[in-house]
Amino acid sequence: MSGVAIVGAAECDLGSTGKSTLTLQTQAVTRALADAGLTLSDVDGLATTGVSRFSTTQLAEYLGLWPRWVDSTFVGGSAAEMMVARATQAIEAGQVSTVVISFASNQRSARSRSLGGVAEEHIPEAQFETPYGPLYPLSYYAMAAQQYFHRYGGTREKLAEIAVAARAWALLNPVAFRYGAGPLTVDDVLAAPMVSSPLTVADCCLVTDGGGAVVLTTLDRARDLRHPPVRVLGYGERSTNTSMTAVEDLTATGARESGREAFARAGITPADVDVLEVYDSFTITAALSIEALGFCGPGEVLDYISDGRIRPGGELALNTSGGGLSYCHPGQYGVLLLVEAVRQLRGEAGARQVPDARVAVAHGTGGILSTHATVVLGVR
Amino acid sequence: MHVPPPDDVTAGWWDATREHRYTLQTCRSCGHVQHPPRALCTACSSMVDLGFVEASGHGVVDTFTVVHRAPVPEAAVPYTIARVRLAEGPFVLSTLEGQDWRIGDPVRVGWLDLDDGRALPVFHR
Ligand SMILES: [Zn+2]
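Fair warning: this is a prediction, and the values are worked out from it, not measured in the lab.

## A closer look at the confidence of the model for chain B
Moving on, step 1. Per-residue confidence for chain B averages 97 on the pLDDT scale, and 100% of its residues sit at or above 70.
Moving on, step 2. Here the prediction assigns the complex a pTM of 0.98, and the interface score ipTM is 0.97.

## A few points about the pairing of strand β11 (residues 359-366) of chain A
Residue and element names in this part refer to chain A.
Moving on, step 1. Burial within β11 is extensive, with eight of its eight residues counted as buried.
Moving on, step 2. On β11, burial covers both faces: V359, V361, H363 and T365 on one face and A360, A362, G364 and G366 on the other are all buried.
Moving on, step 3. Where strand β9 (residues 275-278) lies against β11, four bridges are found, and the strand directions are parallel. Within β11, the residue paired with V278 across the bridge is H363.
Moving on, step 4. Sheet topology places β11 next to strand β12 (residues 371-378); eight bridges connect them, and they run antiparallel. When the sheet's bridge partners are listed, A362 is paired in β12 with V375.

## A look at the environment of B:V67
Moving on, step 1. Positionally, B:V67 belongs in strand β4 (residues 58-67).
Moving on, step 2. For the pair B:V67 and B:P78, spaced eleven residues apart in sequence, the C-alpha separation works out to 5.4 Å.
Moving on, step 3. When residues no more than four places from it in sequence are discounted, the contact partners of B:V67 are A:G133, A:L135, A:S139, A:V195, A:S196, B:V77, B:P78, B:Y79 and B:I81.

## What about the coordination of the zinc ion?
Ideal values for angles at a metal depend on the geometry: 109.5 degrees with four tetrahedral donors, 90 or 180 degrees with six octahedral donors.
All names here are of chain B.
Moving on, step 1. Taken together, the protein ligands of the zinc ion are C27 (SG), C30 (SG), C41 (SG) and C44 (SG), with distances of 2.3 to 2.4 Å.
Moving on, step 2. Each of the four donor atoms bound to the zinc ion contributes to angles spanning 104 to 116°, and the resulting shape is tetrahedral.
Moving on, step 3. Classification of C44 by relative accessible area gives partly exposed; the value is 32%.

## With respect to the sheet that holds strand β2 (residues 45-48) of chain A
All names here are of chain A.
Moving on, step 1. In space, the ten strands of this open sheet follow the order β3-β2-β4-β7-β1-β8-β12-β11-β9-β10, with mixed pairing throughout. The outermost strands of the open sheet, each flanked by one partner alone, are β3 (69-71) and β10 (317-318).
Moving on, step 2. Alignment of β2 against β3, held across three bridges, turns out to be parallel. When the bridges of β3 are listed, L46 appears paired with V70.
Moving on, step 3. Lying on the sheet, helix α2 (residues 55-63) is in contact with β2, β3 and β4 (98-105); it crosses β2 at an angle near 125°.

## Quick notes on the side chain of A:Q146
Moving on, step 1. With respect to the helices and strands, the residue A:Q146 is situated in helix α6 (residues 138-152).
Moving on, step 2. Leaving out residues up to four positions away in the same chain, A:Q146 has contacts with A:S197, A:P198, B:T63, B:F64 and B:I103.

## Some words on the domain arrangement of chain A
Residues and elements named next belong to chain A.
Moving on, step 1. Parsing chain A into structural domains produces domain 1 (4-112 + 209-231) and domain 2 (135-204 + 234-378).
Moving on, step 2. Here domain 1 and domain 2 have C-alpha centroids that lie 23 Å from each other.
Moving on, step 3. In this complex, domain 1 contributes 40 residues to the contact, which on the side of domain 2 involves 36 residues.
Moving on, step 4. Buried area between domain 1 and domain 2, both sides added, is near 2,800 Å², and the carbon and sulfur share of it is 63%.
Moving on, step 5. Among the residues domain 1 hides against domain 2, the three largest losses belong to E11, E81 and V230. Together they make up 21% of the total.
Moving on, step 6. Connecting domain 1 to domain 2 are three salt bridges.
Moving on, step 7. The salt bridge partner of E11 is R343, with a shortest N-O separation of 2.9 Å.
Moving on, step 8. On inspection of domain 1 and its partner domain 2, the count reaches 13 residue pairs in polar contact (both at pLDDT 80 or more).
Moving on, step 9. Broken down by secondary-structure element, the contributors of at least two residues to the side of domain 1 that touches domain 2 are β1 (4-11), α3 (79-92), β4, α4 (107-110), β7 (210-218) and β8 (230-239).
Moving on, step 10. The dominant element in the side of domain 1 that touches domain 2, judged by the number of residues it contributes, is α3, at nine residues.

The rules behind each value
Within each chain, residues carry numbers counting from 1 in the order of the written sequence. All chains are assigned letters beginning at A, and all ligands numbers beginning at 1, according to the order in which they are written. Per-residue local features of the predicted model are confined to residues with pLDDT of at least 70, and side-chain atom pairs are confined, for both listing and counting, to 80 or more; whole-chain, interface and lining totals are unaffected and use all residues. With hydrogens and water excluded, all non-hydrogen atoms of the structure serve as input to the side-chain values. Across the chain, each position has a pLDDT score giving the predictor's confidence in that residue, from 0 to 100. Partly exposed describes any residue whose relative accessible area lies between the buried limit of under 20% and the exposed limit of over 50%, with all areas from a 1.4 Å probe on protein chains only and scaled to the type maximum. Only DSSP runs of H or I with at least four residues qualify as helices, and only runs of E with at least two residues qualify as strands; both kinds are numbered from the N terminus onward. Here, a strand pair is defined by DSSP locating no fewer than two bridges between the strands. Residues count as neighbours in contact if any of their non-hydrogen atoms are within 4.5 Å of one another. Metal donors were taken as nitrogen, oxygen and sulfur atoms no farther than 2.8 Å from the ion, or 3.2 Å where the ion is Na, K or Ca. Water is excluded, so coordination may look unfinished. For a four-donor site, all angles between 85 and 135 degrees give tetrahedral; for four or six donors, opposite pairs above 155 degrees with the remaining angles between 65 and 115 give square planar or octahedral; all remaining cases count as irregular. Between N-to-C directions, angles cover 0 to 180 degrees, with each direction set by a line fitted to C-alpha atoms, over the stretch in contact for helices. Domain segmentation is taken from an automatic or database assignment of domains. Each of two parts loses accessible area, computed with a 1.4 Å probe, when they are put together; buried area is these two losses added. When a carboxyl oxygen of Asp or Glu lies within 4 Å of a side-chain nitrogen of Lys or Arg, that pair is called a salt bridge. Think of a polar contact as two N or O atoms within 3.5 Å of one another; within protein, one of them needs to be a possible hydrogen donor and the other a possible acceptor, and neighboring residues in sequence only count if both atoms come from side chains.

Okay, structure coming up:
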């Protein structure tokens, strides 16, 4: 348990915005500060990625900041969760007092997403993997799903529940990309065009503009601000691979270790978690994370979620915003897991509010099940 | 098909493909076999005892996916990508020729000749 809290959280414009990445970043940062009752002049630490090669210096200058502390940990979708850990430690060490963690992209407006991904010529994958034409990252997740089905007898029908439940939550979130799109059925998921078997388009996250930011400061300072402080109770992480051939078992991810360490630091178990926000780049990503974080045993997740448990009103409030599958996916979605967790813990989530939420977990996954980072947040 | 040129570490592996020889980087000090080739042995950290040893070219399908949307315009879909577990231990990514693959199927190496004289290993039944 740390002496650090999240005191501000906000999204930038989402969906198809026609705005630049730096405009969206600026919205995210200034809205999160306004939410906290702070201004840019209070900020002495900044963490971001996805702006340019030198993301944090780029954004700092753009906002007119000379930060005492910066972090550009560039690990994909778990970056924001890792940055919470880094920022918490830096604040506790007294190096910095108020940190903004932000991410935004305009990937839908800019049409900048490619199915094959980007492999720099000098890395081993460029010689040994890219020539075979895997979709990146999708084909790796597809192979993980195939292996999971083979080992544990899962089916595409059972896995589709992740997407079906995400849509049900998105229908309660007015800013979700699929808000108003109507329910999604298992048959819809199965009938959607196959992309990389066994995963269809409906097993894949959205491609949208969007992003968000959170503001962290000391618990002492947090008590004087607008909202009840959302405490950083624990964190943990693992980086396991960059290629498609390094990990022995694709069904058991580094979320096991990141989750175990985060929960131990917070002094909680999965039974204590009221809200679980996990990265759902693909349906299988969320399924593997739920299992690896210990909410059920190995091989059990598809049965565990089959009874409506993760739908609104169910026993496990999962991806309450509608997730990357139905709410927003600007790439490196991890910061939006934190924003939604904060809103749930403050009781601000409107129609999708989980009653009496006290403990929330945000779990990011980056790359091809490459990086895993867990943050436990709580309010009294 | 674009395959980047070899570098100082991978040149020996690619040279063998010109003769359709499938090799794996092996540590003479501790016996560890690894792929892709690296500047050090990940088991014992030796940087001097690494060499390329002829491999069986046999393996089994660890997992696979059929790609239905081309990552580049010139690719003809569908095609099958797999993780193959080689008999010597390491996993490699490759293409499986043919259809209706299952996890656990045995495979052996074949070759796709590149314009520059190298060859790309692919796997078949
Ligand atoms: Zn060795």
